[in-house]
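Close look at the chain arrangement
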Amino acid sequence: MVSPSWFISHAGVLLCDGSEYRGDYVGRISQMEFENFYRQRIKAVQSTNLIAFETIPSLIEAKVILLVLSEFPSVRAWISFSCKDEEHISSGENFADVQDLFQHPQIDAIGINCTAPSLISSLIQLIEEPLRHRLIVYPNSGEIWKDSQWHWPPSGRNSVGLEAFVKEWRDLGIGAIGGCCRTSPDTIARIKLLLSD
């Protein structure tokens, strides 16, 4: 899999209120605002080989990305979602429904990022097995962002590090594994070591 040259975050980043972990900003931003947000960013980096749209909390927003991406037919992309539990994107939509996005001719992969590692295996299994080689996962360290306190306190079952799960994810047939928030180059080195046996 080709590494992306540019990463474009969700439109909620403009609000600076942690809503990317909830997806509740979608109803506060109009279709035109969404389209303009993505159109400006894609246009600025359209000469690249691959763009990663990441931490997308809503299928509605992902569909806007596809709509605008179609205006730039030479651009390849992946879309990665933040998820709130074993079945749902942060907005509450079913993660299983994202596999329809694989049909778009410009989408190389679908991903899960900025999500607790303990949720990933269940989410992977919602994707049909023949499509999983195009699924990428790069969860956070296992902590949960507390936007009211602006920090990442450890929390119960979700505090298990992602290294505990990487072999299971590989065995489920996914295409790539990495790390997101609160992971480090050391985390990635440990993943590589674990997957080398």
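Residues numbered from 1 in each chain as written. Predicted model: local features only at pLDDT ≥ 70, side-chain atom pairs only at ≥ 80, totals over all residues. Heavy atoms only, no water.

Looking at the overall build of the chain
Across its full length, the chain holds five helices and six strands. Along the chain, from the amino end to the carboxyl end, the secondary structure elements read β-α-β-α-β-β-α-β-α-β-α. A buried classification covers 49% of the 197 residues belonging to the chain. Considering only contacts in the chain between residues 6 or more positions apart, those separated by 24 or more positions represent 73%. (Helix = DSSP H or I, 4+ residues; strand = E, 2+ residues; numbered from the N terminus. Buried < 20%, exposed > 50% of the residue type's maximum accessible area, 1.4 Å probe, protein only. Contact = heavy atoms within 4.5 Å.)

A look at helix α3 (residues 117–124)
The element α3 is largely enclosed, with a buried count of seven among its eight residues. Turning to α3, its buried residues are Pro-117, Ser-118, Leu-119, Ile-120, Ser-121, Leu-123 and Ile-124. Those residues of α3 hidden inside the fold are in contact with β4 (107–113), β5 (135–138) and α4 (166–171).

A closer look at the packing of aromatic side chains
Scanning all chains against the criterion turns up five aromatic pairs. On the basis of an interplanar angle of 80° and a centroid distance of 6.4 Å, the ring pair of Phe-81 and Phe-95 is categorised as edge-to-face. Pair noted here: Phe-81 is in strand β3 (residues 77–81) and Phe-95 is in the loop between β3 and β4, with a separation of 14 residues, a long-range link. Both residues of the pair, Phe-81 and Phe-95, count as buried. Among the aromatic residues, ring-to-ring pairing joins Phe-37, Tyr-38 and Phe-53 into one connected group. The ring of Phe-37 carries Arg-41 above its face, with NZ or CZ at 3.7 Å from the centroid. (Phe/Tyr/Trp six-rings, centres within 6.5 Å; stacked < 30°, edge-to-face > 60°. Lys NZ or Arg CZ within 6 Å of the ring centre and 35° of its normal.)

Some details on the environment of Arg-182
Residue placement: Arg-182 occurs in the loop between β6 (176–177) and α5 (185–195). The exposure class of Arg-182 is exposed, given its relative accessible area of 52%. For the pair Arg-182 and Asn-140, spaced 42 residues apart in the sequence, the C-alpha separation amounts to 6.0 Å.

Overview of the pairing of β4
Burial runs high along β4: six of the seven residues are buried. Alignment of β3 against β4, held across five bridges, turns out to be parallel. Bridge pairing links Ser-80 to Gly-111 in β4. As paired elements, β4 and β5 share four bridges and run parallel to each other. Residue pairing for β5: Gly-111 is matched across the bridge by Ile-136. You can see the chain leave β4, run along α3 and come back into β5, and the turn it takes is right-handed. (Pairing = 2+ DSSP bridges. Right-handed = clockwise from strand over helix to strand, strands pointing away.)

Topic: the pairing of β5
Burial along β5 is two-sided: Leu-135 and Val-137 facing one way and Ile-136 and Tyr-138 facing the other are all buried. Where β5 lies against β6, two bridges are found, and the strand directions are parallel. Directly across from Val-137, in β6, lies its bridge partner Ile-177.

Functional significance is not addressed by these values, which are geometric in nature.
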